[in-house]
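Chain residues, written in single-letter form:
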Amino acid sequence: MNNSETNLNQEQIARFAKAMGHPTRIAILQFLAKQSTCYFGDIHEELPIAKATVSQHLKELKEAGLIQGEVETPKVKYCINRENWALAQNLFKDFFNQLADKKESCCN
């Protein structure tokens, strides 16, 4: 992997990590991941969170590309962005596996 690919991967990991860096966003992702199809409805009715707070968290998740949403009046539909979900899974797996083959500890 060259430096530009490494930098792009680092930026993408950081973007996903920032978006997932709040317990409410994790709760939203877990809720959406449990749905068999896109969720039509107000997520604030399913989670004990104020409507404005849910909207802000949904915006962050959508901007990071982890979820998709469309307005279909009078409801909005949301679902996991499966392509980016798989990308995040692979990037984090590679990131955390960097030390998997190391036999020595740096602190002992």
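Structure: above.
Now for a description of the structure that goes with this document.

Conventions used here
- Residues numbered from 1 in each chain as written.
- Predicted model: local features only at pLDDT ≥ 70, side-chain atom pairs only at ≥ 80, totals over all residues.
- Heavy atoms only, no water.
- Phe/Tyr/Trp six-rings, centres within 6.5 Å; stacked < 30°, edge-to-face > 60°.
- Helix = DSSP H or I, 4+ residues; strand = E, 2+ residues; numbered from the N terminus.
- Buried < 20%, exposed > 50% of the residue type's maximum accessible area, 1.4 Å probe, protein only.
- Contact = heavy atoms within 4.5 Å.
- Pairing = 2+ DSSP bridges.

Quick notes on the packing of aromatic side chains
No. 1: All told, the structure shown has 3 aromatic pairs when counted by the stated rule.
No. 2: When the centroid spacing of 6.3 Å and the interplanar angle of 20° are considered together, the rings of Phe-92 and Phe-96 count as stacked. One end of the pair is Phe-92 and the other is Phe-96, both in helix α5 (residues 82–96) and 4 residues apart, which spans about a single turn.
No. 3: The class of Phe-92 is buried, set by a relative accessible area of 18%.
No. 4: A ring pair is formed by Phe-95 and Phe-96, whose centres lie 5.2 Å apart and whose planes are at 70°; its orientation type is edge-to-face.
No. 5: You can call Phe-95 partly exposed: its relative accessible area is 40%.

Observations regarding the side chain of Asn-84
No. 1: On the secondary structure map, Asn-84 appears in helix α5.
No. 2: Take Asn-84: its relative accessible area is 18%, and that puts it in the buried class.
No. 3: Asn-84 has contacts with Phe-16 and Gly-65, leaving out every residue within four places of it along the chain.

Let's talk about the pairing of strand β2 (residues 67–72)
No. 1: Note that β2 and strand β3 (residues 75–80) share 6 bridges and pair antiparallel. Residue pairing across strands places Gly-69 opposite Tyr-78, the latter belonging to β3.
No. 2: Joining the antiparallel neighbours β2 and β3 is a turn of 2 residues.

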